[in-house]
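# Descriptive structure summary
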Amino acid sequence: MEADLVVLGGGPAGVYAALRVRELGGRAVLVEREHLGGTCLHRGCVPTVASLQAAHLRRAQLEGATWGLAASTGAPDLETLRHRRDRTVRHLQTATQDYLREAGVEVLLGTGRVTGPRSVEVEERSGRQVQVTGRALLLAVGAGFSLPELPGIDSPGVWTTDHALDATHPPGELAVLGGNFIGIEWAQFFQTMGSRVVLLEPGPHLLPGEDAEIAEVLQFILEQGGLEVRLNWAPEVFSQAGPGRVSLRGPAGELQADRVLIADCRRPLVHGLPLADLGVETVGGAVAVDDRQATGAQGIYAAGDVTGGMMLSQAARAQGVVAAENMMGLESRFDPAGCPRAYHTVPEVAAVGLTEAQAAEAGLETVAGRAEIGFNARALTLGKELGMVKVVAARPHGKVVGVHMVGPLATEVIGQAVLALRLEALAEDLAGLVHGHPTVAEALAEAAQDAARQL
Ligand SMILES: Cc1cc2nc3c(=O)[nH]c(=O)nc-3n(C[C@H](O)[C@H](O)[C@H](O)COP(=O)(O)OP(=O)(O)OC[C@H]3O[C@@H](n4cnc5c(N)ncnc54)[C@H](O)[C@@H]3O)c2cc1C
């Protein structure tokens, strides 16, 4: 079988690369060993955010009395939640299949083995072997769980997010290790479902890599909501502590829980790939690529989680498109600064571009404009008083280089900031936008106004 692009992996990186090749008139063959849609659709973003919707509804149930509605406090039924969530996943999987078929992407369902610089041998589920050769190959095999090598980490009761997704009831006591967005989302999910939760972050603030001030505001809100957060807490030894209990010990102390969820253990899936034979290099355990998503080997591209970096769905999708465009002869580059981060914590956190610290490292002199969510009418009508929008703008003209938000609807409002960065807008451009009222976006304009005033 011949193609312009052979894509190994049917997650967001692979799917959007294949679709883009078809749009540009090329022939794409996509190989997927499990389910089209990848981690994002089946074990990541979609099922997690669908579970969080149940947590939102439960929170609303519990808080109903403060809105003049009868509060309901029945026990959550995680089985029913799972069926509901699976329906959403199936719906999107069918949509993905239909989309690929209508676009003319040839899909092979089976495990692919890279046998040469641009060829893959596929063992289809039917047992049929197919050899596919392309003008180019895209490695888009994603990431897998890789638990830290610590004594006792294989104790029963140590969970990954797959266990969390499949839980039939909330654990009594849960320790979540990793204050990244995945850890916070699951900590809040189980807290809302009735678990006592402690969130452990090895570093000095939650959301490593994000703006420290935004992370502090989020931590304050989490703690106000009864979630215990411990920073600089890194376990060194796990052990069984009686029936159904896990103990964690580290320099910061010891604690026990019924379950320990390791939230930060996804690593690029490079081990099944003959990278050395192909002449493809790795950096820090990930496939090394340039901003065209090209590896050092002629005709071999890589995109998504297998290349490390942001390890987010939207980055995987954008990188897949960049790889496809380059292999089809266009000139295309992936710019992480234009790629937003959207976290479905409560309240939501979203960001695009540089933090103040990153801007300083890049040699930029910046100002930071702030707006408190507590003065935003829409946030208050939603019952949310805490949060912040921060606009980072570079001197002397006020070009917006970063926007950071913690507050309701942040994951939606950030789209405006993505456009602002893309169009190289100035703080005064954002400040001058007229928004509907009441909307959370008004706070974005206020933060930009505050930045513009300081220039
Ligand atoms: C719990 C959780 C929550 C998340 N939440 C979010 C979120 O809210 N927002 C966000 O942006 N990101 C989120 N992510 C991250 C997101 O899921 C990934 O960044 C994204 O799926 C990466 O896409 P990808 O195409 O690189 O890889 P994947 O989606 O992992 O796809 C890779 C595919 O390759 C296939 N494959 C592997 N080897 C072979 C082979 N040899 N032959 C054939 N097929 C193969 C796999 O079966 C898989 O389907 C979350 C992840 C997790 C685990």
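So, here is what we can say about the structure in this document. Every value quoted in this text rests on a predicted model; they were computed, and no experiment measured them. (Residues numbered from 1 in each chain as written. Predicted model: local features only at pLDDT ≥ 70, side-chain atom pairs only at ≥ 80, totals over all residues. Heavy atoms only, no water.)

## Here we look at the overall build of the chain
Counting its regular elements, the chain contains 14 helices and 23 strands. Against the compact-globule benchmark of 23 Å for 455 residues, the chain has a radius of gyration of 23 Å, which places it among compact chains. In terms of principal-axis extent, the alpha carbons of the chain reach across some 65 × 65 × 45 Å. Per-residue burial for the chain yields a buried fraction of 51% across its 455 residues. When contacts within the chain are restricted to residue pairs at least 6 apart in sequence, those whose partners lie at least 24 apart make up 64%. With the model as given, the accessible surface of the chain reaches about 20400 Å², and the carbon-plus-sulfur share is 51%. Each charge class in the chain was averaged separately, 37 positive and 53 negative side chains, and the resulting centres sit 5 Å apart. (Helix = DSSP H or I, 4+ residues; strand = E, 2+ residues; numbered from the N terminus. Rg over C-alpha atoms; globule rule 2.2 N^0.38 Å. Buried < 20%, exposed > 50% of the residue type's maximum accessible area, 1.4 Å probe, protein only. Contact = heavy atoms within 4.5 Å. Areas by Shrake-Rupley, 256 points an atom, 1.4 Å probe, with all protein chains shown as cover. Lys, Arg positive; Asp, Glu negative; His and termini not counted. Charge placed at Lys NZ, Arg CZ, Asp CG, Glu CD.)

## Considering helix H1 (residues 12-23)
Taking 1.5 Å per residue, 12 residues should reach 16 Å; H1 reaches 16 Å between its end C-alpha atoms and fits that length. Burial analysis of H1 places nine of its 12 residues in the buried class, the great majority of the element. Turning to H1, its buried residues number three or more, namely Pro12, Ala13, Gly14, Val15, Ala17, Ala18, Leu19, Arg20 and Val21. As for H1, its buried residues are in contact with strand S1 (2-8), strand S2 (28-32), helix H2 (38-42), helix H4 (78-103), strand S5 (129-139) and helix H9 (313-327). Positive phi shows up at Gly25, right after H1, with a value of about 90°. (Expected span 1.5 Å × (residues − 1).)

## Re the nonpolar core
Among the nonpolar cores identified, the biggest contains 38 residues, and Val176, Trp186, Phe189, Phe190, Leu199, Leu207 and Leu222 are the most heavily contacted of them. Those elements that place two or more of their residues in this core are helix H3 (45-63), H4, helix H5 (161-166), strand S8 (173-177), helix H6 (181-192), strand S9 (196-200) and helix H7 (212-224). For this core, the element with the most residues is H6, which contributes seven residues. If we ignore the near neighbours within four places in the chain, the residues touching Leu199 are Val176, Gly178, Gly179, Gly183, Ile184, Ala187, Leu206, Leu222, Leu227, Glu228, Val229 and Arg230. Val367, Val400, Ala417 and Leu430 belong to the second largest nonpolar core, which has 29 residues in total. (Core = buried A, V, L, I, M, F, W, Y, C linked by side-chain atoms within 4.5 Å.)

## Let's talk about helix H14 (residues 441-453)
If you check H14, its first and last C-alpha atoms are 19 Å apart, about what 13 residues at 1.5 Å a residue would give, namely 18 Å. Among the residues of H14, Ala441, Glu442, Ala443, Leu444, Ala445, Ala447, Ala448, Asp450 and Ala451 are the ones counted as buried.

## So, the pattern of salt bridges
Under the defined criterion, the tally for this structure stands at 27 salt bridges. Between Arg341 and Glu210 there is a salt bridge, with its nearest N and O atoms 2.9 Å apart. Taken as a pair, Arg341 in strand S19 (residues 341-343) and Glu210 in the loop between S9 and H7 lie far apart in primary sequence, 131 residues in all. Several salt bridges share partner residues, and in doing so they unite Asp211, Glu213, Glu356, Arg370 and Lys390 into one network. (Salt bridge = Lys/Arg side-chain N within 4 Å of Asp/Glu carboxyl O.)

## Some details on unusual backbone geometry
At the junction of Arg395 and Pro396, the peptide bond is cis and its omega measures out at 0° in the coordinates. Position of Pro396 among the secondary structure elements: in the loop between strand S22 (388-394) and strand S23 (399-406). The linkage connecting His437 with the following residue, Pro438, adopts the cis geometry, with an omega of -5°. Inspection of the secondary structure assignment puts Pro438 in the loop between helix H13 (427-431) and H14. Positive phi outside glycine occurs at Asn232, with the angle close to 50°. If you trace the backbone, Asn232 turns up in the loop between strand S10 (228-230) and strand S11 (237-240). Notably, Met311 is not glycine yet its phi reads approximately 50°, a positive angle. Along the polypeptide, Met311 turns up in the loop between strand S18 (300-302) and H9.

## Topic: the site of the ligand
With respect to spatial proximity, 35 residues lie near the ligand, and among them Glu32, Thr39, Asp305, Ser313 and Gln314 are the closest. By residue class, the composition of the shell around the ligand is 13 nonpolar, 16 polar and six charged. (Near = heavy atom within 4 Å. Nonpolar A, V, L, I, M, F, W, Y, C, P; charged D, E, K, R; others polar.)

## Describing the environment of Arg22
Mapped onto the elements, Arg22 comes out in helix H1. Sequence separation between Arg22 and Pro336 is 314 residues, and the spatial gap between their C-alpha atoms is 25 Å. Setting aside residues no more than four positions away along its own chain, Arg22 makes contact with Arg27, Ala28, Ala103, Gly104 and Val105. A polar contact is formed between the side chain of Arg22 and the backbone oxygen of Gly104, at a distance of 3.3 Å. (Polar contact = N/O pair within 3.5 Å; in protein donor to acceptor, adjacent residues only side chain to side chain.)

## What to know about the sheet that holds S10
Whenever strands of a sheet pair, they do so through backbone hydrogen bonds, lying parallel or antiparallel. If you walk across this open sheet you meet the five strands as S7-S14-S8-S9-S10, and the pairing is parallel. Strands at the two margins of the open sheet, each flanked by one partner only, are strand S7 (158-159) and S10. Relative to strand S14 (residues 259-262), S7 is paired through two bridges, and the arrangement is parallel. The partner of Trp159 across the bridge, within S14, is Leu261. Strand contacts of H6: S7, S8, S9 and S14, with the helix running at about 165° to S9, the strand carrying the most contacts. (Pairing = 2+ DSSP bridges. Axes fitted to C-alpha atoms, helices over the stretch in contact; angles between N-to-C directions.)

## Quick look at the pairing of strand S13 (residues 253-257)
The side chains of a regular strand alternate, residue by residue, between the two faces of the sheet. Where strand S12 (residues 246-250) lies against S13, five bridges are found, and the strand directions are antiparallel. Paired with Arg249 across the strands is Glu254, a residue of S13. Counted between consecutive antiparallel strands, the loop separating S12 from S13 contains two residues.

## Quick notes on the sheet that holds S19
Sheet architecture is open: five strands sit in the order S19-S20-S23-S22-S21, paired in antiparallel fashion. With partners counted over all chains shown, the strands left at the sheet margins are S19 and strand S21 (366-372), one partner each. Within the sheet, the average angular offset between the axes of one strand and its neighbour, ignoring direction, is 10°. Sheet topology note: the S21/S22 ladder contains seven bridges and is antiparallel. In the strand pairing of S22, Glu372 is matched with Met388.

Note that all results are geometric; they support no functional claim without further evidence.
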